[in-house]
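This is what each chain is made of:
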Amino acid sequence: MIKLRLLSKSANSLRHSATVIFLHGSGDTGPGIREWVHEILERELEFPHIKMLYPTAPLQPYTPIEGELSTVWFDRPIAIHIPENRKVMEKAYDILRKLINNEIKDGIPVNRIIVGGFSMGGALALHAGFHVNRHLAGIIAYACFINNDSVIYETLQKASGSKFPELLMFHGSDDPVIPLAWSEHCFKNLCKLGVKGQFKTIPEVEHDLEKHALEDMEQWISRKLLPLQTFERKKLG
């Protein structure tokens, strides 16, 4: 059984009507990335009606550090051309389904849930919206890539003509861990298969979160997940 350590933040203790699940990168934790965001913004990333959820990945062997244990969502070499290990990904999908279903059970419609993440977390967010559950409100993918033969591409091809979650991608221009070209390549491939969204290159930034990008992300979330009364009026209008 998968056990998830969760860290959540609901502003002003109000009943939330939407959720953002934000996934950390390899070796980090939910509290770790929440604190990182806080340090950059000098405040919490919070909204009156939206719960921010920062789960922590399970401890498991990780190939890039010679099989040592690390908090990672799945195992993989850091290489875009190596075939995706789909058996390994199934465990990560179970985690995603549990996270999403927990919110749905709590009364949050799936189309008011955004999944995002940094690095490996961003890659898993792409799987969340374009393979596991295509009814999500949106996907945020920051400094990440998916393999050239990813199951995501197959899933999108089979669902041709369907509506997919809107995508927001960020990548540092000077990223030494995941080349900018990998992320751009993935974004172009996703768009060819019907995904709509934006790709934002962050100048002079390496493999890091950055203040202006986080502020852009914050504004994007606010537009996608309007307060419930505003959302209902917009639908009726």
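Everything quoted here is computed from the prediction, not taken from an experiment.

About the thresholds
Sequence order as written defines residue numbering, which begins from 1 separately in each chain. Since the coordinates come from a predicted model, pLDDT governs what is reported: local features require at least 70, and pairs of side-chain atoms require 80 or more to be given and counted, while whole-chain, interface and lining totals use all residues. Heavy atoms from the whole structure form the basis of all side-chain values; hydrogens and water molecules are not counted. For the purposes of this entry, the term helix denotes a DSSP run of H or I that reaches at least four residues, the term strand denotes a run of E that reaches at least two, and both are numbered from the N terminus. C-alpha atoms define the radius of gyration in this analysis, and the globule rule sets the expected value at 2.2 Å times the number of residues to the power 0.38. Burial here depends on accessible area, computed with a 1.4 Å probe over protein chains only, as a share of the maximum for the residue type. Under 20% is buried, over 50% is exposed, and the range in between is partly exposed. The accessible surface values rely on the Shrake-Rupley method and a 1.4 Å probe; as for residues, cover is taken only from the protein chains in view. Whether two residues are in contact is decided by their heavy atoms, any of which lying within 4.5 Å being enough. Whenever a helix is involved, its axis is fitted only over the stretch in contact; in every case the axis is a line through C-alpha atoms, and angles between N-to-C directions fall within 0 to 180 degrees. Just so you know how the angles are binned, under 35 degrees is roughly parallel, over 145 roughly antiparallel, 65 to 115 roughly perpendicular, and the rest oblique. Here is the rule for handedness: rotate from the far helix to the near one, and if that takes an anticlockwise turn smaller than a right angle the crossing is left-handed, while a clockwise turn gives right-handed. Each residue receives one of three labels: charged for Asp, Glu, Lys and Arg, nonpolar for Ala, Val, Leu, Ile, Met, Phe, Trp, Tyr, Cys and Pro, and polar for the others, Gly being one of them. Grouping buried Ala, Val, Leu, Ile, Met, Phe, Trp, Tyr and Cys residues that are joined through side-chain atoms within 4.5 Å yields what is termed a nonpolar core. Residues with no salt bridge and a relative accessible area higher than 30% make up the patches, which join like charges within 9 Å and nonpolar side chains (Val, Leu, Ile, Met, Phe, Trp, Tyr) within 5 Å. Every case where a carboxyl oxygen of Asp or Glu lies within 4 Å of a side-chain nitrogen of Lys or Arg is listed as a salt bridge. Charged residues are defined narrowly, with Lys and Arg counted positive, Asp and Glu counted negative, and His plus the chain ends left uncounted. Charged groups are reduced to one reference atom each: NZ for lysine, CZ for arginine, CG for aspartic acid, CD for glutamic acid.

**Student:** Help me understand the overall build of the protein chain, please; the structure alone is not making it clear to me.
**Tutor:** In terms of helices and strands, the protein chain carries seven helices and nine strands. The globule rule puts the C-alpha radius of gyration for 237 residues at 18 Å, and the 17 Å found for the protein chain is close to it. If one aligns the C-alpha atoms of the protein chain with their principal axes, the spans along those axes are about 50 × 40 × 40 Å. Residue burial in the protein chain is summarised as follows: out of 237 residues, 51% are buried. Split by element, the accessible area of the protein chain, about 11,100 Å² in all, is 51% carbon and sulfur.

**Student:** Is there a simple way to think about the environment of L193 in this case?
**Tutor:** Examined against the element boundaries, L193 turns out to sit in the loop between α5 (180-192) and β9 (197-202). Separated by 30 residues in sequence, L193 and R223 have C-alpha atoms that sit 24 Å apart. Not counting the four nearest positions on each side in its chain, L193 is found in contact with Y153, L156, Q157 and F164.

**Student:** I'm lost on the packing of helix α4 (residues 151-158) against α5 in this one. Help?
**Tutor:** Relative orientation and spacing of two packed helices are given, respectively, by the angle between their axes and the distance between those axes. Here α4 crosses α5 at 15°, and the two axes come no closer than 10 Å. With respect to their mutual orientation, α4 and α5 come out roughly parallel. In this structure, α4 meets α5 at a crossing whose hand is right-handed. Contacts between α4 and α5 involve I152, Y153 and L156 on the former and, on the latter, C186, N189 and L190. In terms of residue class, the contact of α4 with α5 is made up of five nonpolar, one polar and no charged.

**Student:** Even after reading the chapter, I still don't get the nonpolar core, so can you show me in this structure?
**Tutor:** Grouped burial of nonpolar side chains is what soluble globular proteins tend to show. The biggest cluster of nonpolar side chains holds 46 residues, and the ones touching the most others in it are V115, L126, F130, L167 and L190. When contributions to this core are tallied by element, the ones reaching two or more residues are β2 (18-23), α2 (86-105), β6 (113-118), α3 (120-132), β7 (138-142), α4, β8 (166-172) and α5. Those residues in contact with L167 that sit more than four places away from it in its chain are L126, F130, I139, A141, F187, L190, V195, K196, G197, Q198 and W220. Counting residues in hydrophobic clusters, the runner-up holds 29 residues, among them A18, L41, Y54 and F170.

**Student:** Can you walk me through a negative patch on the surface in this structure?
**Tutor:** A cluster of like negative charges, contributed by D174, E204, E206 and D208, occupies part of the molecular surface. Position of D174 among the secondary structure elements: in the loop between β8 and α5. Judged by its relative accessible area of 40%, D174 is partly exposed.

This is a description of form; function is not addressed.
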